[in-house]
Amino acid sequence: MYAIIRDGSRQLRVEKGQTIQFDRKGDKTGKIEFGDVLVLHDGEKVKVGAPLVKGAKVVGEIIKNVADRKIRVYK
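Calculation rules
Residues numbered from 1 in each chain as written. Predicted model: local features only at pLDDT ≥ 70, side-chain atom pairs only at ≥ 80, totals over all residues. Heavy atoms only, no water. Pairing = 2+ DSSP bridges. Helix = DSSP H or I, 4+ residues; strand = E, 2+ residues; numbered from the N terminus. Axes fitted to C-alpha atoms, helices over the stretch in contact; angles between N-to-C directions. Buried < 20%, exposed > 50% of the residue type's maximum accessible area, 1.4 Å probe, protein only. Contact = heavy atoms within 4.5 Å. Phe/Tyr/Trp six-rings, centres within 6.5 Å; stacked < 30°, edge-to-face > 60°. Lys NZ or Arg CZ within 6 Å of the ring centre and 35° of its normal. 1 Å grid on protein atoms, 1.4 Å probe; cavity = no way out; pocket = protein on both sides within 12 Å on 5 of 7 lines; lining within 4 Å. Points joined across faces, edges and corners; volume = space filled by probe spheres on them. Nonpolar A, V, L, I, M, F, W, Y, C, P; charged D, E, K, R; others polar. Polar contact = N/O pair within 3.5 Å; in protein donor to acceptor, adjacent residues only side chain to side chain.

**Q** I would appreciate a short explanation of the sheet that holds strand 4 (residues 37–41) in the present structure.
**A** The four strands are arranged 2-1-4-5 in an open sheet whose pairing can be described as antiparallel. The strands lining the two open edges of the sheet, one partner per strand, are strand 2 (10–15) and strand 5 (46–48). Ignoring which end each strand starts from, the neighbouring axes of this sheet average 15 degrees apart. Here strand 1 (residues 2–7) runs beside strand 2; their pairing, made up of six bridges, is antiparallel. Its bridge partner lying in strand 2, Ile4 is registered against Arg13.

**Q** Explain the environment of Glu33 to me, please; I cannot follow it from the model alone.
**A** Mapped onto the secondary structure, Glu33 falls in strand 3 (residues 30–34). Under the relative-accessibility criterion, Glu33 is labelled exposed at 52%. Residues Glu33 and Gln18, spaced 15 residues apart in sequence, show a C-alpha to C-alpha distance of 15 Å. Once residues lying within four places of it in the same chain are set aside, the contact partners of Glu33 are Lys57, Val58 and Val59.

**Q** Would you mind going over the environment of Ile63 with me for this structure?
**A** Considering the arrangement of structural elements, one finds Ile63 in the segment after strand 6 (58–62). Assessed through its relative accessible area of 60%, Ile63 is described here as exposed. Apart from the residues lying within four places of it in its own chain, the contact partners of Ile63 are Thr19 and Thr29.

**Q** What exactly am I supposed to notice about the packing of aromatic side chains here?
**A** The relative placement of two aromatic rings is captured by the distance of their centres and the angle of their planes. Tallied over the entire structure, the rule returns zero aromatic pairs. Between Arg13 and the ring centre of Tyr2, over which it is positioned, the NZ or CZ distance is 3.9 Å.

**Q** Explanation requested: the layout of surface pockets in the structure shown.
**A** Where empty space is left in the structure can be found by rolling a water-sized probe over the atoms. Reported here for the largest pocket is a volume of approximately 1,100 Å³. Lining the largest pocket are 34 residues, with Ile20, Gln21, Phe22, Ile32 and Glu61 positioned closest to its centre. Listing elements by their share of the lining of the largest pocket, those giving two or more residues are strand 1, strand 2, strand 3 and strand 6. Take the lining of the largest pocket: its biggest share by element is five residues, from strand 6. Within the lining of the largest pocket, the residues separate by chemical class into 16 nonpolar, seven polar and eleven charged.

**Q** Would you mind showing me how to read the side chain of His41 here?
**A** Looking at the secondary structure, you find His41 in strand 4. We classify His41 as buried; its relative accessible area is 18%. A distance of 3.4 Å separates the side chain of His41 from the backbone nitrogen of Gly43, its partner in a polar contact. Those residues in contact with His41, other than ones at most four positions away along the chain, are Met1, Tyr2 and Val46.

In structure tokens, the structure reads:
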């Protein structure tokens, strides 16, 4: 089973049990829902949205927030 979701300007293929790092600010640990499901494959059928699959959502868990070091850009 997998789904293709939209997060901002990116499209990601996600599966159950997979760990993914997202670029988000201000999220705490807990649950997160993605309602922009573009494709849903349940093992037998493939549902392709036009543009989104109606009634489908992907629920995940935020494990931790990781902040990378700041960079300074000079022009």
